Amino acid sequence: MAPLPISSIRVGKIEDVQELIKSKPNKVPERFIRDTNERGVSVSLKTHLHQPIPVIDLSKLSKRHTHDDFHFEILKLSQACEDWGFFQIINHGIEVDEVDDIEKVAKEFFEMPLEEKKKYPMEPGTVQGYGQAFIFSEDQKLDWCNMFALGVHPPSIRNPKLWPSEPARFSESLEGYSKEIRKLCKRLLTYIAISLGLQEERFEELFGEAVQAVRMNYYPPCSSPDLVLGLSPHSDGSALTVLQQSKDSCVGLQILKDNTWVPVVPLPNALVINIGDTVEVLTNGKYKSVEHRAVTNRESERLTIVTFYAPNYEVDIEPMGELVDDETNPCKYRSYNHGDYSYHYVSNKLQGKKSLDFAKILN
Ligand code: OGA
Ligand code: NI
């Protein structure tokens, strides 16, 4: 979350998408129009033929080693992480009230007048606050999205000035929600470790005091969804990402599988989990951090609440010794400091999986 020197970045005028559709509902300014090869919806039509992303039932994993279900679900998990890098979880144990509550305050936040939201600005080159992240030049295309992002844990990454006083319950809801999601991430990492044949606590011991950040993405409807993207293609720099889609959310998230954009169709009460770059490196590429993007819709808005869970910035990352074999599976990534990787990630525009070039050993 380390900021860049703001004075060196010129980003040009970044129009607020919600304000734009209020004043000119049918206009899509040039800066949002993607090159033909990048556009969203037209490619996605044929993708509905594709099989859906895997669904993991976490209640089957809480029964532990005694039960066949446990082993079957662990196998499903390992296949999901290897083949897809994405899965949905059901019966995850997070109360519906908690999920509804964060969605409600997030919605209320985005519905506030612009003047109010501007009290928490995301300055150019930084990734916390309200605005658009990852913009570094005046001619860079913009996403059809408003974002509000906050560092949550450890407290040292928080910028208290950006935690809003309105809606009144925002901070309290985010604290409660984040605690639950943190527990969920720790739990998922133990299952992921088991699925790799590692010690259960392997990731947690390595991660130290894990870093947790949240980004709320609000995608207003767009009169020409085929010309724009809600969120540019990228992989996440995290270890794990937990994505909550607003209730009755239309399809918006797409993942790149076998060169095709596959939609993630929301399941009721499910959360979407994806493997981030850090787990790809730690598993020497066995588990994949998969490129994804968001598209928009002509009629419906869409809101997502996304938690990024990652090692402490102090931690050094490299493929785990247990998963490297000089003969059959040589080391594909170099060792690096996670804080350096985070800085590298947030100081470049989103561009597919390009960030990971930072760590790749090229032969
Ligand atoms: C993200 C992300 C997808 C979505 O915030 O990193 O991939 O559908 N979001 O909002
Ligand atoms: Ni993402």
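Our subject in this report is the structure included herewith. Residue indices begin from 1 for each chain and proceed along its sequence in written order. Whichever chain is written first becomes A and whichever ligand is written first becomes 1, with later ones labelled in order. Reporting in this predicted model follows two pLDDT cut-offs: at least 70 for local features of residues, and 80 or more for side-chain atom pairs to be given and counted; totals over whole chains, interfaces and linings ignore these cut-offs and use all residues. Just so you know, side-chain values use all the structure's heavy atoms and leave hydrogens and water out.

Residues form patches when they are more than 30% accessible in relative terms and have no salt bridge. Like charges link within 9 Å. Nonpolar side chains (Val, Leu, Ile, Met, Phe, Trp, Tyr) link within 5 Å. Working definition of accessibility: Shrake-Rupley area with a 1.4 Å probe, residue cover restricted to the visible protein chains. What counts as a salt bridge is simple: a side-chain nitrogen of Lys or Arg found within 4 Å of a carboxyl oxygen of Asp or Glu. Only four residue types enter the tally: Lys and Arg on the positive side, Asp and Glu on the negative side, with His and both chain ends excluded. Here the site of a charge means atom NZ of a Lys, CZ of an Arg, CG of an Asp or CD of a Glu. Residues K13, K24, K27 and K118 make up a contiguous surface patch of positive charge. For the purposes of this entry, the term helix denotes a DSSP run of H or I that reaches at least four residues, the term strand denotes a run of E that reaches at least two, and both are numbered from the N terminus. Mapped onto the elements, K24 comes out in the loop between α1 (17-23) and α2 (41-44). Categorising residues by exposure relies on relative accessible area from a 1.4 Å probe, with only protein chains included: less than 20% of the type maximum marks a residue as buried, more than 50% marks it as exposed, and the intermediate range marks it as partly exposed. Given the relative accessible area of 41%, K24 is considered partly exposed.

Another point: helix α10 (residues 338-346). Among all positions of α10, only H338, G339, Y341, S342, Y345 and V346 are buried. Seen end-on, α10 carries its buried residues on one side only, within an arc spanning 160°. The contact criterion used throughout is that any non-hydrogen atoms of two residues lie within 4.5 Å. In the core, the buried residues of α10 are packed alongside β6 (231-234), α9 (277-282), β12 (302-310), β13 (316-317) and β14 (336-337). Polar contact criterion, stated in full: a pair of N or O atoms within 3.5 Å, where within protein one must be able to donate a hydrogen and the other to accept it, and residues adjacent in sequence count only if both atoms are side-chain atoms. The distance from a side-chain oxygen at the start of α10 to the backbone nitrogen of G339 is 3.0 Å, and the residue carrying that oxygen is N337. It is the directions from the helix axis to the C-beta atoms whose arc is reported.

Coordination sphere of the nickel ion (ligand 2), protein contribution only: H234 (NE2), D236 (OD) and H292 (NE2), at 2.1 to 2.2 Å. Between consecutive donors of the nickel ion (ligand 2), the numbers of intervening residues give the motif H-x1-D-x55-H. The buried category is assigned to D236, whose relative accessible area is 3%. The rule for donors is simple: an N, O or S atom within 2.8 Å of the metal counts, and for Na, K and Ca the reach is 3.2 Å. Water is not among the atoms, so a site may look short of donors.

In this section: the environment of I255. Relative to the helices and strands, I255 resides in strand β8 (residues 253-257). Overall, the relative accessible area of 0% leaves I255 in the buried class. In sequence terms I255 and Y218 are 37 residues apart; their C-alpha atoms lie 19 Å from each other. Look past the residues within four positions of I255 in its chain and what remains in contact with it is I53, W84, F86, T260, W261, V262, V264, V290, E291 and H292.

Any residue with a non-hydrogen atom lying within 4 Å of a molecule or strand is treated as near it. The immediate surroundings of ligand 1 are formed by 14 residues, with Y219, H234, H292, R302 and T304 found nearest. Take T304: an N or O atom from its side chain is 2.7 Å from an oxygen atom of ligand 1. When ligand 1 sits alone it has 290 Å² of accessible area, and the protein chains cover 99% of it. Using a 1 Å grid laid over the protein atoms alone, points where a 1.4 Å probe fits but cannot get out form a cavity; open sets with protein on both sides within 12 Å along at least 5 of 7 lines form a pocket; any residue with an atom within 4 Å of a point counts as lining. Put plainly, a molecule is in a cavity or pocket when over half of its atoms are within 2 Å of the grid points there. Judged by the proximity of its atoms to the pocket grid, ligand 1 belongs to the second largest cavity. Every element with two or more residues in the shell around ligand 1 is listed here: β5 (211-219), β6, β11 (292-294) and β12. Class assignment for the residues of the shell around ligand 1 results in 7 nonpolar, 4 polar and 3 charged. In this classification, Asp, Glu, Lys and Arg are treated as charged, Ala, Val, Leu, Ile, Met, Phe, Trp, Tyr, Cys and Pro as nonpolar, and every other residue, Gly included, as polar.

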